[in-house]
Structure formats: C-alpha cells, structure tokens
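Observations on the model geometry
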Amino acid sequence: MTPLGSVATYSGRVAPDDLGPTLLHEHLFVRQPEVDRALPSPEWDEDAAVAEAVEQLNGLRDRGVRTIVDLTVPGLGRDARLVARVASAAPVRIVAATGWYAHGGLPSFFRLNGPGCTVDGPDPLIELFVRDLTEGIEGTGVRAGAIKVLSEADGITADHRRVFEAAAEARGAADVPVFTHADPTTRGGLEQLDVLGRLGVPNDRVVVGHVGDSGDVPYLRELAARGAFLGFDRFGMAHSASDDARVRTLFAVLDAGLLDRVVLSHDAAIHSRMTPPSWRRAHTPDWHLHHLHDAILPRLRREGLGEDEIRAMLVDTPRRVLGGPAHEGDR
Ligand SMILES: [Zn+2]
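As the structure is a computational prediction, the values presented were derived from the model and not from experiment.

Definitions and cut-offs
Residues numbered from 1 in each chain as written. Predicted model: local features only at pLDDT ≥ 70, side-chain atom pairs only at ≥ 80, totals over all residues. Heavy atoms only, no water. Phe/Tyr/Trp six-rings, centres within 6.5 Å; stacked < 30°, edge-to-face > 60°. Lys NZ or Arg CZ within 6 Å of the ring centre and 35° of its normal. 1 Å grid on protein atoms, 1.4 Å probe; cavity = no way out; pocket = protein on both sides within 12 Å on 5 of 7 lines; lining within 4 Å. Points joined across faces, edges and corners; volume = space filled by probe spheres on them. Nonpolar A, V, L, I, M, F, W, Y, C, P; charged D, E, K, R; others polar. Donors = N, O, S within 2.8 Å, 3.2 Å for Na, K, Ca; no water. Helix = DSSP H or I, 4+ residues; strand = E, 2+ residues; numbered from the N terminus. Buried < 20%, exposed > 50% of the residue type's maximum accessible area, 1.4 Å probe, protein only. Pairing = 2+ DSSP bridges. Axes fitted to C-alpha atoms, helices over the stretch in contact; angles between N-to-C directions. Salt bridge = Lys/Arg side-chain N within 4 Å of Asp/Glu carboxyl O.

A word on the packing of aromatic side chains
Evaluation of the coordinates by the stated rule reveals three aromatic pairs. Following the ring pairs from residue to residue traces out a cluster consisting of Trp100, Phe109 and Phe110. Here the guanidinium or amino end of Arg31 rests over the ring plane of Trp44, the centre of that ring lying 3.8 Å away. For the cation-ring pair, Arg261 lies above Phe229, with the distance from its terminal atom to the ring centre recorded as 4.3 Å.

In structure tokens:
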C-alpha cells in the first residue's frame, strides 16, 4: 500500500497542503431512494437542492472554508452524480466517501450474498469499496477519499463487523482515513478502535465520530491516547446535545493537551429525507454549514481560544487526517 500523497476530490486530486480550512463530516443530500420513489418528498426538488447547495458552499467559501468531506455513503442515499453537479459549480472542494451506513443492519442483499452466505462468493462490500477507491464512484470517475463505518448503542453487530472488515480490506488499495459513526452515550468508539486495530487499521487513521456529544472527557482522553482523532462534528445539532455542552467538553479536551486530535464539523445536510428542511427550520435552526463560523468560532475566540488553535482544528489536523501519515510530522 502506498501513501496517498494527494487527496481525491470531485474536482481532481489535491495536495494535502492545499486543502485549507476543512470540515471533515458533512452531508449534502441524505436520501432514501426507495422511499423517495414510492412516496416522493414534497420538499425535494432536485434542481433547487443543487442550487441551494451551491449557494451554501459559496457562503462557506466566503467564511474561509476550502474543502468539505461529504460522508454520505450508500445506506444514506449517496448520489455521486448529484454531488458532482454541485462540485462543478461550487468554489469549495468536496471529498467523497465510500462505506455502508448499516443503521439497523445491512440490506438483505448482503446477508444473502458473500462468503458463507446462501449465494456464496466474494464479499460485494469489498468489491464496492475497492471500486470506489480505485476506479471511481457510481460511474463518475470520482474516487473516494474516505471510508465511513458505523456502530450503534448495542455495539458492533455481525453486520457492522462485516462493514468494518470490508473497510479494512479495501484500505489495502488506498490509505484513506476511516470515519466512524459512534454512539456518543456508550463509549462505542473504544470497541471500534479495538476492532479496526485488530483488522490492521492503525488507530491514528481513524476519526471517531460524534464523540464531542458525549461529555465524557475520560472517554475522549482514552480515544486520543490510542491515537484516534476526536470528531466534534455536530455543532448546531440541537436534538443530540447542546452547543453549550459541546463547547464545555471541547475546552476540557483542549485543557488536557489534546488540541492536535480534535476536528470540527456540523454533520449537517442541505436536504435530508430523514429530518427534512421544514423540520430543521422549526427544531434545529442552527444546524447548517455556516453555524461553526457564524457562532461557534466567535464564541471560542471570546472564551480565549487563539487563531493558532483554531487553525490546528480546521487546517492542520484535517490535512493530517486526509493526507495520511506522511503528513503527520510536517507542521
Ligand atoms: Zn454524518
């Protein structure tokens, strides 16, 4: 396996040093293709959604952001052609991800097809992830620059484990980072690191997601001690935790000397079928791509954080995450 040297994006490969301020955990369009076909959302208009995404990315660019990672993988309705339309018109680079969002388990196709399954054969998850990493996603030629895996409050089930195994195997084709969705209430990130580590994924190639929502500082210290990155990646997501609590936890983690492990993002979306725009306007009005720069960074500055520290979380650490170990020591 060769180190990346450059990062795949919708607009071509980019040197890690050129990524600039980066939001590592976002979504453009979270969809439910089968539901959407059977029961179309009254709030979905494809052209309007693309225009809205371009407008919001223009706003991000105005705020200084240069790159976002769209962690919308299959299982969340990934549609690379749609994101490519946005990428061709937006002034912010977009990194694509492969993986499978096996929330509640894998689709029955994967339960019936694979090693030891009814239709015995190679694991189609591995075929998918490797193709996304080496040939491109969904026929677009855009290669994935990240892999996303998930486990929930009940731990790593057999289905989740299969995705973890496929992710580890596929990383043989490209040394991309693994982003996890970890349940913030159950210290699930530790089990994720255990399993990924045994599968050969170094802990310092893993961003444990959503841990900024946990408030459990000893847990975060333990994750960092193992070398993982800490995703404070849900600013504005009011139904999961308050920003007051996230900021408190963030300062506790920084006081513990873990600045170089922290990354910041929103886990927001332009359009989600799960929590549609009308619901977000009513219940989570701050949960959008501009919230960090409009409200959280000014607050962090007021509470004493310096520009070097903000730069570390938005530029230097994302560069090391996406660029790989070759960029670990070159600050
Ligand atoms: Zn997410």
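Read on for the rest.
Here's the deal with empty space enclosed by the protein
For the structure on display, the rule yields two cavities of 30 Å³ or more. Here the largest cavity defines a volume of roughly 50 Å³. Split into classes, the residues belonging to the lining of the largest cavity amount to five nonpolar, four polar and one charged. By volume, the second largest cavity is sized at about 40 Å³. If you trace the second largest cavity, you find it lined by Tyr10, Asp70, Thr72, Arg78, Val83, Ala96 and Ala97.

A short note on the coordination of the zinc ion
Taken together, His25 (NE2), His27 (NE2) and Asp267 (OD) make up the protein donors of the zinc ion, found 2.1 to 2.2 Å from the metal. Taken in chain order, the donor set of the zinc ion reads H-x1-H-x239-D. Residue His25 is found in strand E3 (residues 22–26), and its partner Asp267 is found in the loop between strand E13 (262–264) and strand E14 (271–272); the two are separated by 242 residues along the sequence. The two residues His25 and Asp267 agree in class, both being buried.

Topic: the sheet that holds strand E9 (residues 144–150)
With parallel pairing, the eight strands of this open sheet are ordered in space as E3-E5-E6-E9-E10-E11-E12-E13. Two strands close off the open sheet at either side, each with one partner strand: E3 and E13. Averaged over all neighbouring strand pairs, the angle between strand axes comes to 30 degrees, with direction disregarded. Strand direction decides the pairing type here: strand E12 (residues 229–232) and E13, joined by three bridges, are parallel. Across the sheet, Gly231 pairs through a bridge with Val263, a residue of E13.

Some remarks on the pairing of E3
Burial analysis of E3 places five of its five residues in the buried class, the great majority of the element. Two elements, E3 and strand E5 (residues 67–70), share three bridges in a ladder whose sense is parallel. Within E5, the position partnered with Thr22 by the bridge is Thr67.

Digging into the pattern of salt bridges
When their charged atoms lie close together, side chains carrying opposite charge are able to pair. Counted by the stated rule, this structure contains 27 salt bridges. In this structure, Asp213 and Arg234 form a salt bridge, with 3.5 Å as the shortest nitrogen-oxygen distance. Taken together, the residues Asp213 in the loop between strand E11 (206–209) and helix H8 (217–225) and Arg234 in the loop between E12 and helix H9 (243–255) connect sequence positions 21 residues apart. A relative accessible area of 9% places Arg234 in the buried class. Put simply, Arg299 and Asp244 hold a salt bridge, and the shortest N to O gap is 2.8 Å. One end of the pair, Arg299, is in helix H11 (residues 291–302); the other, Asp244, is in helix H9, and 55 residues separate them in sequence. If you follow the salt bridges from partner to partner, you end up with Asp213, Arg234, Asp243, Arg246 and Asp267 in one network.

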